[in-house]
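The chain contents come next:
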Amino acid sequence: MAKPAFDILRALAIASQALGFIVIITLETLLGDAARAWQGVTLALMVVAALGIALARLYRRNKRRKQQVAHQHDE
(Lines give C-alpha, C1' and ligand atoms only; values in the text may rest on other atoms or scores of the structure.)
Protein backbone atom coordinates (compact mmCIF):
# COMPACT_ATOMS: atom_id res chain seq x y z
CA MET A 1 0.00 0.00 0.00
CA ALA A 2 1.42 3.37 -1.01
CA LYS A 3 1.94 6.05 1.59
CA PRO A 4 -0.12 9.21 1.18
CA ALA A 5 1.71 12.18 -0.28
CA PHE A 6 0.74 14.40 2.66
CA ASP A 7 0.96 13.16 6.25
CA ILE A 8 -1.05 15.44 8.53
CA LEU A 9 0.67 14.17 11.68
CA ARG A 10 4.12 14.91 10.25
CA ALA A 11 3.01 18.39 9.25
CA LEU A 12 1.54 18.92 12.72
CA ALA A 13 4.79 17.79 14.36
CA ILE A 14 6.89 20.14 12.25
CA ALA A 15 4.52 23.06 12.80
CA SER A 16 4.32 22.55 16.58
CA GLN A 17 8.11 22.40 16.93
CA ALA A 18 8.61 25.44 14.72
CA LEU A 19 6.02 27.41 16.68
CA GLY A 20 7.65 26.38 19.95
CA PHE A 21 11.06 27.60 18.84
CA ILE A 22 9.58 30.87 17.61
CA VAL A 23 7.91 31.37 21.00
CA ILE A 24 11.17 30.60 22.83
CA ILE A 25 13.15 33.07 20.74
CA THR A 26 10.43 35.72 21.06
CA LEU A 27 10.34 35.31 24.85
CA GLU A 28 14.12 35.72 25.01
CA THR A 29 13.92 38.83 22.86
CA LEU A 30 11.12 40.46 24.82
CA LEU A 31 11.85 39.39 28.40
CA GLY A 32 15.59 38.71 28.46
CA ASP A 33 16.66 36.65 31.47
CA ALA A 34 13.14 36.78 32.92
CA ALA A 35 12.00 34.50 30.10
CA ARG A 36 13.73 31.38 31.46
CA ALA A 37 10.72 29.97 33.31
CA TRP A 38 8.39 30.59 30.37
CA GLN A 39 10.88 29.06 27.99
CA GLY A 40 10.90 25.93 30.19
CA VAL A 41 7.11 25.78 30.06
CA THR A 42 7.21 26.19 26.29
CA LEU A 43 9.79 23.42 25.96
CA ALA A 44 7.69 21.12 28.15
CA LEU A 45 4.65 21.79 25.96
CA MET A 46 6.73 21.01 22.87
CA VAL A 47 7.76 17.66 24.38
CA VAL A 48 4.15 16.84 25.31
CA ALA A 49 3.01 17.68 21.78
CA ALA A 50 5.77 15.52 20.27
CA LEU A 51 4.85 12.57 22.50
CA GLY A 52 1.17 12.95 21.68
CA ILE A 53 1.89 12.97 17.96
CA ALA A 54 4.20 9.95 18.32
CA LEU A 55 1.44 8.05 20.13
CA ALA A 56 -1.07 8.98 17.42
CA ARG A 57 1.34 7.71 14.73
CA LEU A 58 1.85 4.47 16.65
CA TYR A 59 -1.91 4.01 17.03
CA ARG A 60 -2.44 4.59 13.29
CA ARG A 61 0.32 2.15 12.34
CA ASN A 62 -0.97 -0.59 14.66
CA LYS A 63 -4.53 -0.08 13.42
CA ARG A 64 -3.35 -0.39 9.80
CA ARG A 65 -1.41 -3.58 10.63
CA LYS A 66 -4.45 -5.15 12.28
CA GLN A 67 -6.55 -4.34 9.23
CA GLN A 68 -3.94 -5.90 6.93
CA VAL A 69 -3.77 -9.07 9.04
CA ALA A 70 -7.56 -9.32 9.13
CA HIS A 71 -7.69 -8.84 5.35
CA GLN A 72 -5.06 -11.58 4.84
CA HIS A 73 -7.05 -14.01 7.01
CA ASP A 74 -10.20 -13.32 5.00
CA GLU A 75 -8.55 -14.40 1.75
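Being a predicted model, the structure only gives us computed values, none of them experimental.

### Regarding the UniProt feature "transmembrane region" (unreviewed entry) in the protein
So, point 1. Cross-referencing UniProt, the feature "transmembrane region" (unreviewed entry) maps to residues 12-31 and 37-59 in the present numbering.
So, point 2. In the segment residues 12-31, helix accounts for 100% and strand for 0%; the C-alpha atoms at its two ends are 28 Å apart.
So, point 3. Across residues 37-59, helical content stands at 100% and strand content at 0%; the span's end C-alpha atoms are separated by 33 Å.

### With respect to the environment of Asn62
So, point 1. By secondary structure assignment, the location of Asn62 is in helix H2 (residues 36-74).
So, point 2. Sequence separation between Asn62 and Gly32 is 30 residues, and the spatial gap between their C-alpha atoms is 45 Å.

### Let's talk about the pattern of salt bridges
So, point 1. Applying the stated criterion across every chain, the model contains four salt bridges.
So, point 2. Among the salt bridges present, the one from Arg60 reaches Asp7, with a minimum N-O distance of 3.7 Å. Of the two residues, Arg60 sits in helix H2 while Asp7 sits in the segment before helix H1 (8-31), which places them 53 residues apart along the sequence.
So, point 3. Residue classification places Arg60 among the partly exposed residues on the basis of a relative accessible area of 38%.
So, point 4. In this structure, Arg36 and Asp33 form a salt bridge, with 3.5 Å as the shortest nitrogen-oxygen distance.
So, point 5. Residues joined in a network through salt bridges with shared partners are Asp7, Arg57 and Arg60.

Cut-offs applied
Residues numbered from 1 in each chain as written. Predicted model: local features only at pLDDT ≥ 70, side-chain atom pairs only at ≥ 80, totals over all residues. Heavy atoms only, no water. UniProt positions renumbered as here; feature names shortened; annotations may be inferred. Helix = DSSP H or I, 4+ residues; strand = E, 2+ residues; numbered from the N terminus. Salt bridge = Lys/Arg side-chain N within 4 Å of Asp/Glu carboxyl O. Buried < 20%, exposed > 50% of the residue type's maximum accessible area, 1.4 Å probe, protein only.

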